[in-house]
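The chain contents come next:
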Amino acid sequence: MTSTPLPGAPFLAYRDSQLFIEDMGLQDLANTHGTPLFVYSKAAMLHALAAYQRAFVGRDAKVHYAMKANSSLGVLQVFAQAGCGFDIVSAGELERVLAAGGQAADVIFSGVGKTRAEMRMALQAGIACFNVESEAELDVLNQVAVSLGKVAPVSIRVNPNVDPKTHPYISTGLKGNKFGIAHERTLQAYQHAAQLPGLKVVGIDCHIGSQITTSEPYLDALDKVLDLVEQIEKAGIRIHHLDFGGGLGINYNNDTPPAADSLWSALLARLDARGFGQRRLMIEPGRSLVGNAGVCLSEVQYLKPGEQKNFCIIDAAMNDLPRPAMYEAFHQIVPLVHTDKPAQLYDVVGPVCESGDWIGRDRLLNIQAGEKLAVLSAGAYCMSMASNYNTRGRAAELLVDGNQAHVIRQRETMADQLRGEVLPFPQTRHASNTPNTKV
Ligand code: LLP
């Protein structure tokens, strides 16, 4: 058995030959609850959060969990009870925060395409801040706020034109991205916002991308944002808080991102050096809080040897685990029960009718049909991006807390999937509807 700790260790580890999450054997959980099955460790989430909290001791700082990473109510409840705020990108996400026991006053609202209806709902709920992404959005938000007799707290998302050196689909702070306002136009946008009666400028915001594994892009972005804050304040507009977004990467496979506390001690040192150490701070981490707190369990359906490749066909697919298909992302795949028999190379694939439905390529596995696997680092951007493609119901989810496993989402049923669909025409019977009719 490999001695390298798994992503998710120490909360995910083999005990003898059995894979455990906290004090629960995953083979038992898979047998009881079926597969595909997402299993999350509460302790791993709180451990990840603690690294940020350690960095911020003695500071006026708040972690707003970017819930798009995993928006299941049970996960949100863990973070709400741990004192987190939330970064949302839709009215639906706000409803989830409230349903999980979170407070609107701890919510910040990001995203390039907020609708008037979403703005109204967020204003009525009393969220902490709108992170505005364009000049046009400032005007619309102002109109909506005035029409409700309210004042919207705003922060402008700056695009600092910094390369986060990550996958192009998840880098957001470059000139060619749709996100934020170009830093050359930021002062003008703030001056415009400051004279609109329905808006109150409260902060500045920046998020440069996701799965970032070095500190430099953050330090570069921080310098650019602070240069802007100096300019904006010189023009008489006070910036009460600085929001540096999320984006810190996790270890999927020999990735070595900085730990949250060491990244933040470097950033705080820079903030202190530039005289902004006492300014209120907000951050919006998603993946780094949940990614390695979760696994997806799946059963091997068939082994299919081929001339060029051997396929290991499992019962989880791109609809459950979309990251490999979308970003060619790498997730480790390990057996739930380890043996020392010789392993073979497989492409691990799902049953969906697409060649893009692969979960891992060229993986050394010692596995038989009927045995079970864990796809690791599956806590972030898996269930929250899951779909019903191929009319596959979405998986069940468990939250493990020590030696307790709580079902936080039941497996989706066919009735769940068909709810809301309507047949447009009266049903008729005719020959071609009869199964097995020979013509
Ligand atoms: N704040 C904003 C404004 C964001 O757009 C995002 C992520 C975050 C915070 C949280 O970023 P994180 O800490 O999770 O990196 N589906 C992709 C990732 C998309 C990230 C979108 N925005 C993936 O599976 O890799």
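One numbering rule holds for all chains: residues counted from 1, following each sequence as written. Reporting in this predicted model follows two pLDDT cut-offs: at least 70 for local features of residues, and 80 or more for side-chain atom pairs to be given and counted; totals over whole chains, interfaces and linings ignore these cut-offs and use all residues. With hydrogens and water stripped out, all remaining heavy atoms of the structure feed into the side-chain values.

### Observations regarding unusual backbone geometry
With an omega of 5°, the peptide bond running from Ala9 to Pro10 counts as cis. Mapped onto the secondary structure, Pro10 falls in the segment before strand 1 (12–15). With omega at -10°, the peptide bond leading from Thr35 into Pro36 counts as cis. Not every positive phi belongs to a glycine, and Asp16 is a case in point at roughly 55°. Put simply, DSSP H or I for four residues or longer makes a helix, DSSP E for two residues or longer makes a strand, and each gets a number counted from the N terminus. Considering the arrangement of structural elements, one finds Asp16 in the loop between strand 1 and strand 2 (18–21).

### Details of the state of the cysteines
As used here, a disulfide is simply a covalent bond connecting the sulfur atoms of two cysteines. The disulfide criterion used throughout: a pair of cysteine sulfur atoms within 2.5 Å. If you walk through the whole model with that rule in mind, you get zero disulfides. Looking at the unpaired Cys296, the closest cysteine sulfur is the one in Cys382, lying at 7.4 Å. A 1.4 Å probe rolled over the protein chains alone gives each residue an accessible area, and that area as a share of the maximum for its type sets the label: buried under 20%, exposed over 50%, partly exposed in between. With a relative accessible area of 0%, Cys296 lands in the buried category. For Cys382, a relative accessible area of 1% translates into the label buried.

### With respect to the site of the ligand
By convention in this text, a residue qualifies as near a molecule or strand provided that one of its non-hydrogen atoms is within 4 Å of it. Of all residues adjacent to the ligand, which total 18 residues, the nearest are Ser210, Glu284, Arg323, Tyr327 and Tyr381. Side-chain polar atom of Asp87 to a nitrogen atom of the ligand: 3.4 Å apart, as the coordinates give it. The protein chains shown are the only cover counted for residues, whose accessible areas, like all others here, come from Shrake-Rupley with a 1.4 Å probe. Out of a free accessible area of 590 Å², the ligand has 92% covered by protein chains. Classes in brief: Ala, Val, Leu, Ile, Met, Phe, Trp, Tyr, Cys and Pro nonpolar; Asp, Glu, Lys and Arg charged; the others, Gly included, polar. In terms of residue class, the shell around the ligand is made up of six nonpolar, six polar and six charged. Pairs of N or O atoms within 3.5 Å make up the polar contacts considered here, provided that, within protein, one atom can donate a hydrogen while the other can accept it, and that residues adjacent in sequence are counted only when both atoms are side-chain atoms.

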